[in-house]
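# Inside the fold
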Amino acid sequence: MAKKIQAVRGMRDILPDQTPLWQFVENTVRRVFQSYAYREIRTPIPEMTELFKRSIGEVTDIVEKEMYTFEDRNGDSLTLRPEGTAGCVRACMENGLLHNQVQRLWYLGPMFRHERPQKGRYRQFQQIGLETYGMSGPDIDLEVILVTARLWRELGIPGLELQINTLGTPEERKAYRSRLVDYLQAHRDELDDDSLRRLESNPLRILDSKNPDMASLIAGAPSLMDDLGEESRAHFEVITRGLKAAGVEYVVNTRLVRGLDYYSRTVFEWITDLLGAQGTVCAGGRYDGLVEQLGGRATPAIGFGMGVDRVVAVLEELDQQNSDGDPHAYLVLAGEQVQGPGMVLAESLRNALPG
Ligand code: ATP
Ligand code: MG
């Protein structure tokens, strides 16, 4: 008998019962982004594989083992986008949106990663991304974080923890990197296989390890804060001061890293304890080096990616009752002669709905 055809493993149907919650998230995000003058950009789902290799980097989980890569009929290597930043940067460069201007952009759409499927982790998942270009001062870092804080308020999600850190400049990070490698070399026998591999290629990424056996080793590692110069320190302080002034609570987590060279200074994550190991609902940071790395003119940039599947799961956990998909009114039409006037009445009810 023929094998039953099912959805691809790790790829879900979102059924009509669930779509109202998704629409609620999407509509809220649109409204909040618009109130900060962010504009939507839409880019293709497949890109040249080379784009992700050059932007995300060869020595990352994504490029090493998670990409959906295939040859098209011309023999070009294409990849279903695993994240949105690379395509956004490419589109901006290609369309001349970066030169001598400031951009506030956002997008929404499916991303693809061949990971082990589990709650909050899928092979096709929905991401909302926000990216800014052309602004190097700390005020835009603060704005981007405040956008996310407002999102949680508007979505009715309390209790998320904001973790922030600074990675300094590439030069400061280099100094830190060698101190870190010294420390890790001294504890070589405690490193797992992944970490041993990364010791040479990408040691900062070791701090990001999810292996519990590595936790105490990581806790004892030197801190990048000690390698920061005056300017990076001041940049970080404007952000923390601004968060305090805005009443947004945060935790400084010096183990929060992005292991890629193009990152600089600010990184942040929003974390929930409602989804087990898949706790990060939103992750962002400053990536001043990426545009140049992709062959463009050096352009300051900061942005974040948010996992909509996880945000929706949090809302479900919170048992948020959201009435977007429910009828607003019931109209009982008793008999054929009121069908016509009934329709007119229903139309005028719809006209009276807000927004
Ligand atoms: P994680 O540490 O959970 O693997 P990540 O660092 O790989 O996350 P990013 O590349 O920063 O994630 O992507 C931004 C956000 O997209 C994450 O914080 C998360 O909310 C969401 N996300 C990432 N991968 C998946 C996935 N496979 N399924 C669902 N959501 C995801
Ligand atoms: Mg991941």
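To keep things clear, this report deals only with the structure shown in the data block.

## Considerations on a nonpolar patch on the surface
Nonpolar side chains collect at one region of the surface, where Leu-331, Leu-333, Val-338, Leu-345 and Leu-349 lie side by side and expose about 360 Å² of accessible area between them. Mapped onto the elements, Leu-349 comes out in helix α12 (residues 339-352). When its relative accessible area of 43% is taken as the criterion, Leu-349 is described as partly exposed.

## Quick word on the sheet that holds strand β3 (residues 68-71)
If you trace the three strands from one edge of the open sheet to the other, you get β2-β4-β3, paired in antiparallel fashion. A strand with exactly one partner marks an edge of an open sheet, and here the two such strands are β2 (46-48) and β3. Taken over all neighbouring pairs, the strand axes of this sheet differ in orientation by 35° on average, direction set aside. Pairing of β2 with strand β4 (residues 77-80) involves three bridges; the strand directions are antiparallel. Of the residues in β4, the one forming a bridge with Met-48 is Leu-78.

## Digging into the packing of helix α1 (residues 19-35) against helix α5 (residues 138-155)
The geometry of α1 relative to α5 is characterised by a closest axis approach of 10 Å and an angle of 135° between their N-to-C directions. The pairing of α1 with α5 is recorded here as oblique in orientation. When you trace α1 past α5, the crossing you get is right-handed. Contact with α1, carried on its side by Phe-24, Val-25, Thr-28, Val-29, Arg-31, Val-32 and Phe-33, involves Val-147, Arg-150, Leu-151, Glu-154 and Leu-155 of α5 and no other residues of that element.

## Describing the packing of helix α2 (residues 49-56) against helix α4 (residues 85-94)
Running from N to C, α2 and α4 cross one another at 105°; their axes reach a closest spacing of 10 Å. Classed by the angle they form, the pair α2 and α4 counts as roughly perpendicular. For the pair α2 and α4, the contacting residues are Leu-51, Phe-52 and Ser-55 in the first and Ala-86, Gly-87 and Arg-90 in the second. Class assignment of the residues belonging to the contact of α2 with α4 gives a composition of three nonpolar, two polar and one charged.

## Description of the sheet that holds strand β11 (residues 301-307)
Backbone-to-backbone hydrogen bonds join strands into a sheet, with any given pair of strands oriented parallel or antiparallel. The sheet built from eight strands is open, its strands ordered β1-β5-β6-β11-β10-β9-β7-β8 with mixed pairing. Since the sheet does not close on itself, it has two edges, and those belong to β1 (39-40) and β8 (251-252), each with one partner. As defined by bridge partners, strand β9 (residues 266-271) adjoins strand β10 (residues 280-286) across five bridges and the pair is classed as antiparallel. Following the sheet pairing, Val-267 is matched in β10 by Gly-285. This element, α5, spans β5 (103-112), β6 (124-133), β7 (161-166), β9, β10 and β11 of the sheet and lies at about 5° to β9. Sheet strands touched by helix α9 (residues 230-245): β7, β8, β9 and β10. Its angle to β7, the strand with the most contacts, is close to 160°.

## Things to note about the packing of aromatic side chains
Under the defined criterion, the tally for this structure stands at nine aromatic pairs. Considering the side-chain rings of Phe-33 and Trp-106, the 5.6 Å spacing of their centres and the 65° angle between planes classify their relative orientation as edge-to-face. Of the two residues, Phe-33 is situated in helix α1 and Trp-106 in strand β5; the sequence distance between them amounts to 73 residues. Of the residues examined, Phe-33 reaches a relative accessible area of 0% and is grouped as buried.

Calculation criteria
Residues numbered from 1 in each chain as written. Chains lettered and ligands numbered in written order. Predicted model: local features only at pLDDT ≥ 70, side-chain atom pairs only at ≥ 80, totals over all residues. Heavy atoms only, no water. Patch = residues over 30% accessible without salt bridge, like charges linked within 9 Å, V, L, I, M, F, W, Y side chains within 5 Å. Areas by Shrake-Rupley, 256 points an atom, 1.4 Å probe, with all protein chains shown as cover. Salt bridge = Lys/Arg side-chain N within 4 Å of Asp/Glu carboxyl O. Helix = DSSP H or I, 4+ residues; strand = E, 2+ residues; numbered from the N terminus. Buried < 20%, exposed > 50% of the residue type's maximum accessible area, 1.4 Å probe, protein only. Pairing = 2+ DSSP bridges. Axes fitted to C-alpha atoms, helices over the stretch in contact; angles between N-to-C directions. Parallel < 35°, antiparallel > 145°, perpendicular 65-115°, else oblique. Left-handed = near helix turned anticlockwise from the far one by under 90°. Contact = heavy atoms within 4.5 Å. Nonpolar A, V, L, I, M, F, W, Y, C, P; charged D, E, K, R; others polar. Phe/Tyr/Trp six-rings, centres within 6.5 Å; stacked < 30°, edge-to-face > 60°.

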